[in-house]
There are 2 protein chains.
Amino acid sequence: MAVNDIDRLIQILSRLPGLGPRSARRAVLFLIKKRESLLLPLIQAMQDVASSIKPCSLCGNLDDQDPCAICKDDRRDGGSICVVTDVADLWALERTAAYRGRYHVLGGVLSALDGIGPEQLNLASLYRRVGSGEVKEVILALGATVDGQTTAHYVSDRLQGFNVAVSRLAHGVPVGGELDYLDDGTLIQALRARSRL
Amino acid sequence: MAVNDIDRLIQILSRLPGLGPRSARRAVLFLIKKRESLLLPLIQAMQDVASSIKPCSLCGNLDDQDPCAICKDDRRDGGSICVVTDVADLWALERTAAYRGRYHVLGGVLSALDGIGPEQLNLASLYRRVGSGEVKEVILALGATVDGQTTAHYVSDRLQGFNVAVSRLAHGVPVGGELDYLDDGTLIQALRARSRL
């Protein structure tokens, strides 16, 4: 029905992951109804993010300072670097509070299909960090997909020349997982890497 | 991790219908990655909507002009008013292009549970419009829920004193619907309102 401002907002919102045209329409009506309590604060929060957030020049994490809070934090173990695909994965690991080293965000994984080669990834700065001598271990926390594992192998190969231990996350039965819902690949890995009780 | 600007944006975004914390996180990372092509245009579109869109003082539709484009459009039939719960329903009817009259947006339905009585709805201006004499028919296009039908009965009763025909949308089998997936209520209505071939 062509209210232009509303239509344009719906069209832009529907490009977000997880929102289609229908849910974008609902979201826009909701925003207009809650102009003071939601729409205006949302605009402000987006402006803040747009003006302050930038990638960390050391690790690729997103933060309002550069180097980021994690790279700057002296209480974290500078001897360990956890390599992740994306900032979302870094956040997921941080939520566990189980890792106290530093990170390195690749910004993607190698993918012949999407035309992503090593030069598109944030790798040069990883080699530089590893080559600086402080780093003792590199943990490759990449997804258990074909592209993720290909990337892990590639990075692991390239790190051979450096004097660091390279590890990857364990594969196995996820906590809470039921065996008969798991794929064969996971079961085989879990069986191979079984541990004594 | 506590990047405050990002956290605040995630928190506000996750209040939108259809977005939870997880999809809000994904959306925010997506927005930051596409700063120029998505985040900045989205901020602009939201500012435009926040500054220009307001409810039509005649019918309650949302538009950047008051009266809205539909109320202003002389080619539309001023003798027919279609009463809807919400602007989303008005949009749904407009997408069909099957109705060329005017609308009236109630802004909700009567609900004892939510404490919504007649005075919370946009009803006074409906009676005023119907009482002005131009209106010949009022179509109650309210949802086929208990609250929607209660509201339809209430409005229909209140319109008895005016010289207008009051109708409601037909109930029946939805186009593309399979009989054995339909509830009993719909089947009973469809049977009662069967039409000769």
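In this text, all values refer to a predicted model and were calculated from it rather than measured experimentally. Here the residue numbering is sequential within each chain, running from 1 through the sequence in written order. To label them, take the chains in the order written and letter them from A, then take the ligands in the order written and number them from 1. Note on the predicted model: pLDDT of at least 70 is required for a residue's local features to be given, and 80 or more for side-chain atom pairs to be given and counted; whole-chain, interface and lining totals, by contrast, use all residues. To get the side-chain values, take all heavy atoms of the structure and skip hydrogens and water.

Points about the pattern of salt bridges
Between Lys or Arg on one side and Asp or Glu on the other, a salt bridge is scored when a side-chain nitrogen of the former is within 4 Å of a carboxyl oxygen of the latter. Tallied over the full model, the rule gives twelve salt bridges over all chains. As a salt-bridge pair, Arg 8 of chain A and Asp 48 of chain B come within 2.6 Å of each other at their nearest N and O atoms. You can see Arg 8 of chain A sitting in helix 1 (residues 4-13) and its partner Asp 48 of chain B sitting in helix 3 (residues 35-52), one on each of two chains. When accessible area is computed with a 1.4 Å probe and restricted to protein chains, residues below 20% of their type maximum are described as buried, those above 50% as exposed, and intermediate ones as partly exposed. Judged by its relative accessible area of 34%, Arg 8 of chain A is partly exposed. A cluster of three or more residues bridged by salt bridges with shared partners is formed by Asp 5 and Arg 8 of chain A together with Asp 48 of chain B. Secondary structure elements follow DSSP: runs of H or I no shorter than four residues count as helices, runs of E no shorter than two count as strands, and numbering proceeds from the N terminus.

With respect to unusual backbone geometry
Residue and element names in this part refer to chain A. Omega for the bond connecting Asp 66 with Pro 67 falls within 30 degrees of zero, at 0 degrees, which places this linkage in the cis form. Within the secondary structure, Pro 67 is located in the loop between strand 2 (62-63) and helix 4 (69-72). Despite not being glycine, Ala 97 has its phi angle at roughly 55 degrees, a positive value. The topology assignment puts Ala 97 in the loop between helix 5 (87-96) and strand 4 (101-105). For Ala 97, a relative accessible area of 57% gives the class exposed.

So, the pairing of strand 6 (residues 165-168) of chain A
All names here are of chain A. At least two DSSP bridges between two strands are required for those strands to pair. As defined by bridge partners, strand 5 (residues 137-140) adjoins strand 6 across four bridges and the pair is classed as parallel. The partner of Ile 139 across the bridge, within strand 6, is Ser 167. If the strands point away from the viewer and the path from the first strand over the helix to the second runs clockwise, then the crossover is right-handed. Chirality of the crossover, the property in question, places the unit of strand 5, helix 7 (residues 146-158) and strand 6 among those that are right-handed.

Quick word on the sheet that holds strand 6 (residues 165-168) of chain B
All names here are of chain B. Ordered in space as 4-3-5-6, the four strands form an open sheet in which the pairing is parallel. The open sheet has two edge strands, strand 4 (101-105) and strand 6, and neither has a second partner. The sheet shows a mean angle of 25 degrees between the axes of neighbouring strands, direction not considered. The strands touched by helix 5 (residues 87-96) are strand 3 (77-84) and strand 4; relative to strand 4, the strand with the most contacts, the crossing angle is about 160 degrees. Helix axes are fitted only over the stretch in contact, all axes being lines through C-alpha atoms; the angle between N-to-C directions runs from 0 to 180 degrees. Here a residue-residue contact requires only that any non-hydrogen atoms of the pair lie within 4.5 Å.

A closer look at the packing of helix 1 of chain A against helix 3 of chain B
One can describe the packing of helix 1 of chain A onto helix 3 of chain B by two numbers: an axis separation of 9 Å at closest approach and a directional angle of 150 degrees. Judged on the interaxial angle alone, helix 3 of chain B and helix 1 of chain A are roughly antiparallel. Note on packing geometry: the crossing formed by helix 1 of chain A with helix 3 of chain B is left-handed. Here Asp 5, Ile 6, Arg 8, Leu 9, Ile 12 and Leu 13 of chain A of helix 1 of chain A lie close against helix 3 of chain B, whose contacting residues are Leu 38, Pro 41, Leu 42, Ala 45, Met 46, Asp 48, Val 49 and Ser 52 of chain B. The classification used treats Ala, Val, Leu, Ile, Met, Phe, Trp, Tyr, Cys and Pro as nonpolar, Asp, Glu, Lys and Arg as charged, and all other residues, Gly among them, as polar. A class-by-class count of the residues in the contact of helix 1 of chain A with helix 3 of chain B yields ten nonpolar, one polar and three charged. What sets the label is the angle itself: under 35 degrees gives roughly parallel, over 145 gives roughly antiparallel, 65 to 115 gives roughly perpendicular, and the rest give oblique. Crossing handedness is read from the near helix: turned anticlockwise from the far helix by less than a right angle, it gives a left-handed crossing, and turned clockwise, a right-handed one.

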